[in-house]
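# Fold and contact review
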Amino acid sequence: MICKEDKAQVKQRVHALFSQAQDHFSIPLTVPEITWRRCGKNAGTANLTTNKINFNPVLFCHNREAYFSDVIPHEVSHVVVHQLYGKVPPHGRQWQWVMTSVFDTPAKTTHNFDLTPLGLKGFSYQCACGEITLSVRRHNKVMRNQQQYICRQCRNILIYVEGGKHHNVE
Ligand SMILES: [Zn+2]
Ligand SMILES: [Zn+2]
């Protein structure tokens, strides 16, 4: 489980990225509050209106390195972009530019995290017939590009339906 030291380290990383952005743009930015709630299959989410970043504690514990290298800069970039430019597309050119030019991080929007530790029941997929649920084990295979599944009736490849506008990292 996530401990005090983990939380402190994440906070430190968030603050370091913020001062980096602040130096880069030479304008004051407001560091967001960090929360730790399970948020479905999302690794992290940024609430721009309340200036809060939430990280998924379960996925964090299983993917520490990826959090420090990718997930934290990803969410911080959302907040920085919002404070600089207001309402712009979530992973648009401003966000991509902050990721790559300011934080020197690839502008990735999804991760291949193993979602088994989340204990979710299944994931929604779609074909011509409608929606179908795949098990977490199968879903993980699809996410790792190891396997595709085909509907027995319509013979279409099952396409993952991401929960609304959510994706692994939001
Ligand atoms: Zn079908
Ligand atoms: Zn995002």
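Residues numbered from 1 in each chain as written. Chains lettered and ligands numbered in written order. Predicted model: local features only at pLDDT ≥ 70, side-chain atom pairs only at ≥ 80, totals over all residues. Heavy atoms only, no water.

Read from one edge of the open sheet, three strands run 5-4-6, paired in antiparallel fashion. The open sheet terminates on both sides in strands that have one partner only, identified here as strand 5 (130–134) and strand 6 (159–160). Note that strand 4 (residues 123–127) and strand 6 share two bridges and pair antiparallel. Each residue of the ladder has a partner; that of Gln126, found in strand 6, is Ile159. (Pairing = 2+ DSSP bridges. Helix = DSSP H or I, 4+ residues; strand = E, 2+ residues; numbered from the N terminus.)

This part is about the coordination of the zinc ion (ligand 1). Taken together, the protein donors to the zinc ion (ligand 1) comprise Cys127 (SG), Cys129 (SG), Cys151 (SG) and Cys154 (SG), at separations of 2.2 to 2.4 Å. One way to put it: the four donor atoms around the zinc ion (ligand 1) meet at angles of 106 to 112 degrees, and that makes the site tetrahedral. In the primary structure, the donors to the zinc ion (ligand 1) are separated according to the pattern C-x1-C-x21-C-x2-C. Here Cys154 lies in the loop between helix 5 (136–143) and strand 6 and Cys129 lies in the loop between strand 4 and strand 5, a separation of 25 residues in the sequence. Owing to a relative accessible area of 45%, Cys129 belongs among the partly exposed residues under this scheme. (Donors = N, O, S within 2.8 Å, 3.2 Å for Na, K, Ca; no water. Tetrahedral: all angles 85-135°; square planar, octahedral: opposite > 155°, others 65-115°. Buried < 20%, exposed > 50% of the residue type's maximum accessible area, 1.4 Å probe, protein only.)

Positive charge collects at one region of the surface, where Arg137, Arg138, Arg152 and Arg155 lie side by side. Position of Arg152 among the secondary structure elements: in the loop between helix 5 and strand 6. Since its relative accessible area comes to 78%, Arg152 is described here as exposed. (Patch = residues over 30% accessible without salt bridge, like charges linked within 9 Å, V, L, I, M, F, W, Y side chains within 5 Å. Areas by Shrake-Rupley, 256 points an atom, 1.4 Å probe, with all protein chains shown as cover. Salt bridge = Lys/Arg side-chain N within 4 Å of Asp/Glu carboxyl O. Lys, Arg positive; Asp, Glu negative; His and termini not counted. Charge placed at Lys NZ, Arg CZ, Asp CG, Glu CD.)

Here the focus is helix 1 (residues 4–25). Its 22 residues place the ends of helix 1 32 Å apart at the C-alpha level, agreeing with the 32 Å of an ideal helix rising 1.5 Å per residue. Of all the residues in helix 1, the buried ones are Asp6, Val10, Val14, Leu17, Phe18, Ala21 and Phe25. Seen along its axis, helix 1 keeps its buried residues to an arc of 110 degrees; they face one direction. In helix 1, the exposed positions that point more than 90 degrees away from the buried face belong to Lys4, Glu5, Gln12 and Asp23. Where helix 1 is buried, its residues meet strand 1 (33–35), strand 3 (52–55), helix 2 (57–62), helix 3 (64–85) and helix 4 (93–102). Positive phi shows up at Ser26, right after helix 1, with a value of about 50 degrees. (Expected span 1.5 Å × (residues − 1). Arc of directions from axis to C-beta. Contact = heavy atoms within 4.5 Å.)

What follows is about the coordination of the zinc ion (ligand 2). Coordination of the zinc ion (ligand 2) by the protein involves His74 (NE2), His78 (NE2) and His91 (NE2), with metal-donor separations of 2.0 to 2.1 Å. Between consecutive donor residues of the zinc ion (ligand 2), the sequence gaps follow H-x3-H-x12-H. With His74 and His78 both in helix 3 and four residues apart, the pair spans about one turn of that helix. As far as the burial class goes, His74 and His78 line up, both buried.

With 22 residues, helix 3 should cover 32 Å at 1.5 Å per step; its first-to-last C-alpha distance of 30 Å lies within 8% of that length. At Asp70, helix 3 shows its largest bend, some 35 degrees, and a proline, Pro73, comes one to four positions later. In the stretch just after helix 3, Gly86 is the one whose phi turns positive, near 75 degrees. (Bend = angle between axes of the 7 residues up to and from the residue.)

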